[in-house]
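Topology and contacts: notes
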Amino acid sequence: MIKLERMSLFLVELPLVSPFGTSFGEERTKHALLVSLTADGLMGWGECVAGSGPWFSSETVETARYIISEYIKPILSAHKLLEHPSDLPKLFSPIRGHPMAKAAVEAAAWDLFAKSQKKPLFQVLGGVREEIPAGVSVGIQPDVPSLLSTVENFLSEGYLRIKLKIKPGWDLAPVQAVRERFSDILLSVDANAAYRFADLPTLKELDRFGLLMIEQPLGFDDLLEHARLSQELATPICLDESIDSAHRAWEALELGACRIINVKQGRVGGITEALEIHRLAMERHIPLWCGGMLETGIGRALNVHLATLPGFTLPHDISATRRYFREDIADPPFELRHGHIPVPQRPGLGVEINWDRLLRSCTWSRTWKL
Ligand code: OSB
Ligand code: MG
């Protein structure tokens, strides 16, 4: 039993080492909302995966700050005694939507709980791996030559799978160029919902490149057209944006809308919900992998622990810290070892907040006694 004492929120801004371009825009700065919970001399940390604007999802760091401050904090104050972090989703269920806000607080509770058990988080979750295979997501580049050299650099660092961001006008030519140059690599694409069903001829062309998957080609909340598209393509469809809960994952699998799922614990409302998706996927032999949202060391550590579960069998969008940040707010940085990231072995997330860097990058913070 944990007795929650305090909660803090921190808004931080960290410069990205290079701009990250997707079909919905370009990010130069990482905006993160961090949550800490304290109990009995221990502090647990969570990171909200919402972005600076409502582009990937309707949530933003600002909507999450509001929902946590006004609606989640009072729930925690009324339920200070926590038996297990997986009790939180039920307490948060009167709040409709806002999965990323809920997940950030639940994440802090998981870190705290694992620390109270003096165990690394992956052991508490039932993870079975001591290192996880790393893939990298390559943003939209100014031209094909820069794309080829970017991909070449990542491959020389050891990444085991390359994911190319695509959009109409930046699809067949860059994918073909990368496939011709690197004929035997694991390659996938992510459209972030940039196509319509009427783009079927272009999407069908992608079948020529031996891709591992096509991630979220159609509408961000669509299942039915993805199911229809799936019938037309040889390449497996993977859903990201469309899966915002375990129930949606179940609907997607029943409909045949995807053959692979990208799990982001924040997008689906937390670790407990992600564990339920893991259970569903294992039952149906659906491969999973862990997606990323340009997380700082806090969210990155959580993804690494989650990715140790048995059903996570494909390389993840979990890359080394230095792929995004020169200096992170958590230590030590994650590094690649033969294309894999070692799982932290210390209690909880197994990373330490660097208070100096946190306070330097913090633009707002608040602490409540619960
Ligand atoms: O669609 O997977 C995505 C980053 C931000 C928002 C959405 C996505 C991404 C990525 C990068 O692809 C994943 C990462 O390296 O963290
Ligand atoms: Mg994606």
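From a predicted model like this one, the values you see are computed outputs, not experimental measurements.

Segmenting the protein chain into domains produces domain 1 (2-118) and domain 2 (123-342). The straight-line distance from the C-alpha centre of domain 1 to that of domain 2 is 22 Å. Across the boundary between the two partners, domain 1 contributes 29 residues, which contact 38 residues of domain 2. For the pair domain 1 and domain 2, the summed buried surface comes to about 2,700 Å²; carbon and sulfur atoms form 73% of the total. Our enumeration of links across domain 1 and domain 2 arrives at zero salt bridges. Joining domain 1 to domain 2, the criterion identifies nine residue pairs in polar contact (both at pLDDT 80 or more). At the level of secondary structure, the elements contributing two or more residues to the side of domain 1 that touches domain 2 comprise β2 (6-22), β3 (25-39), β4 (42-48) and α3 (99-116). Taken together, the residues of the side of domain 1 that touches domain 2 break down into 20 nonpolar, five polar and four charged.

Residues I162, L164, V178, L206, I261 and I298 are the most contacted members of the largest nonpolar core, which totals 92 residues. Looking at which domains feed residues into this core, each of domain 1 (2-118) and domain 2 (123-342) gives three or more. The residues contacting I298, other than those within four sequence positions of it, are L34, W45, G46, E47, I329, A330, L349, V351 and I353.

Our next topic: the coordination of the magnesium ion (ligand 2). Six octahedral donors around a metal ideally make angles of 90 or 180 degrees; four tetrahedral donors ideally make 109.5 degrees. The protein atoms that coordinate the magnesium ion (ligand 2) are D190 (OD), E215 (OE) and D240 (OD), at distances of 2.1 to 2.2 Å. Sequence positions of the residues that donate to the magnesium ion (ligand 2) give the spacing D-x24-E-x24-D. Here E215 lies in strand β10 (residues 214-215) and D190 lies in strand β9 (residues 186-190), a separation of 25 residues in the sequence.

Our focus in this paragraph is the environment of P333. By the element assignment, P333 lies in the loop between β14 (330-331) and β15 (340-342). On the accessibility criterion, P333 (43% relative accessible area) is partly exposed. With eleven residues separating them along the chain, P333 and R322 place their C-alpha atoms 7.6 Å apart.

Quick look at the pattern of salt bridges now. Going through the model one piece at a time under the given rule, you end up with 23 salt bridges. Residue E276 is joined to R279 by a salt bridge in which the shortest nitrogen-to-oxygen separation is 2.9 Å. A residue pair is termed a helical-turn pair when its members lie 3 or 4 positions apart in one helix, as E276 and R279 do in helix α10 (residues 271-284) at three residues. On the accessibility criterion, E276 (30% relative accessible area) is partly exposed. On the accessibility criterion, R279 (42% relative accessible area) is partly exposed. Each of R161, K163, K165, D190, E215 and D317 takes part in a single network of salt bridges with overlapping partners.

Moving on to the site of ligand 1. Around ligand 1, a shell composed of 15 residues is seen, among which S137, K165, N192, L294 and Y324 lie nearest. Here K163 contributes a side-chain N or O atom positioned 3.1 Å from an oxygen atom of ligand 1. The side chain of D240 places a nitrogen or oxygen atom 3.1 Å from an oxygen atom of ligand 1. Out of a free accessible area of 380 Å², ligand 1 has 96% covered by protein chains. By residue class, the composition of the shell around ligand 1 is five nonpolar, three polar and seven charged.

Bringing the sheet that holds β10 into the picture now. Judged by pairing direction, the sheet is parallel, and its seven strands sit side by side in the order β7-β8-β9-β10-β11-β12-β13 without closing on themselves. Looking along the sheet, the strands with just one partner apiece sit at the ends: β7 (135-138) and β13 (288-290). Strand direction decides the pairing type here: strand β11 (residues 237-239) and strand β12 (residues 260-263), joined by two bridges, are parallel. Directly across from C238, in β12, lies its bridge partner I260. Contacts between helix α5 (residues 144-157) and the sheet are confined to β7 and β8 (161-165), with β8 contributing the most and set at about 155° to the helix.

This paragraph deals with the sheet that holds β4. Within the open sheet, the four strands sit side by side as β4-β3-β2-β17. Their pairing is antiparallel. Sheet topology places β4 and β17 (362-369) at the edges, where each strand pairs with a single neighbour. Within this sheet the neighbouring strands show an average axis-to-axis angle of 25°, counted without direction. Of the pairings in the sheet, the one linking β3 to β4 comprises seven bridges and is antiparallel in character. Looking at the pairing, V35 lines up with G46 of β4. On top of the sheet, α3 reaches β3 and β4; it is set at about 150° to β4, its chief contact.

Reading guide: rules and limits
- Residues numbered from 1 in each chain as written.
- Chains lettered and ligands numbered in written order.
- Predicted model: local features only at pLDDT ≥ 70, side-chain atom pairs only at ≥ 80, totals over all residues.
- Heavy atoms only, no water.
- Domains from an automatic or database assignment.
- Contact = heavy atoms within 4.5 Å.
- Buried area = accessible area lost by both parts, 1.4 Å probe.
- Salt bridge = Lys/Arg side-chain N within 4 Å of Asp/Glu carboxyl O.
- Polar contact = N/O pair within 3.5 Å; in protein donor to acceptor, adjacent residues only side chain to side chain.
- Helix = DSSP H or I, 4+ residues; strand = E, 2+ residues; numbered from the N terminus.
- Nonpolar A, V, L, I, M, F, W, Y, C, P; charged D, E, K, R; others polar.
- Core = buried A, V, L, I, M, F, W, Y, C linked by side-chain atoms within 4.5 Å.
- Buried < 20%, exposed > 50% of the residue type's maximum accessible area, 1.4 Å probe, protein only.
- Donors = N, O, S within 2.8 Å, 3.2 Å for Na, K, Ca; no water.
- Near = heavy atom within 4 Å.
- Areas by Shrake-Rupley, 256 points an atom, 1.4 Å probe, with all protein chains shown as cover.
- Pairing = 2+ DSSP bridges.
- Axes fitted to C-alpha atoms, helices over the stretch in contact; angles between N-to-C directions.

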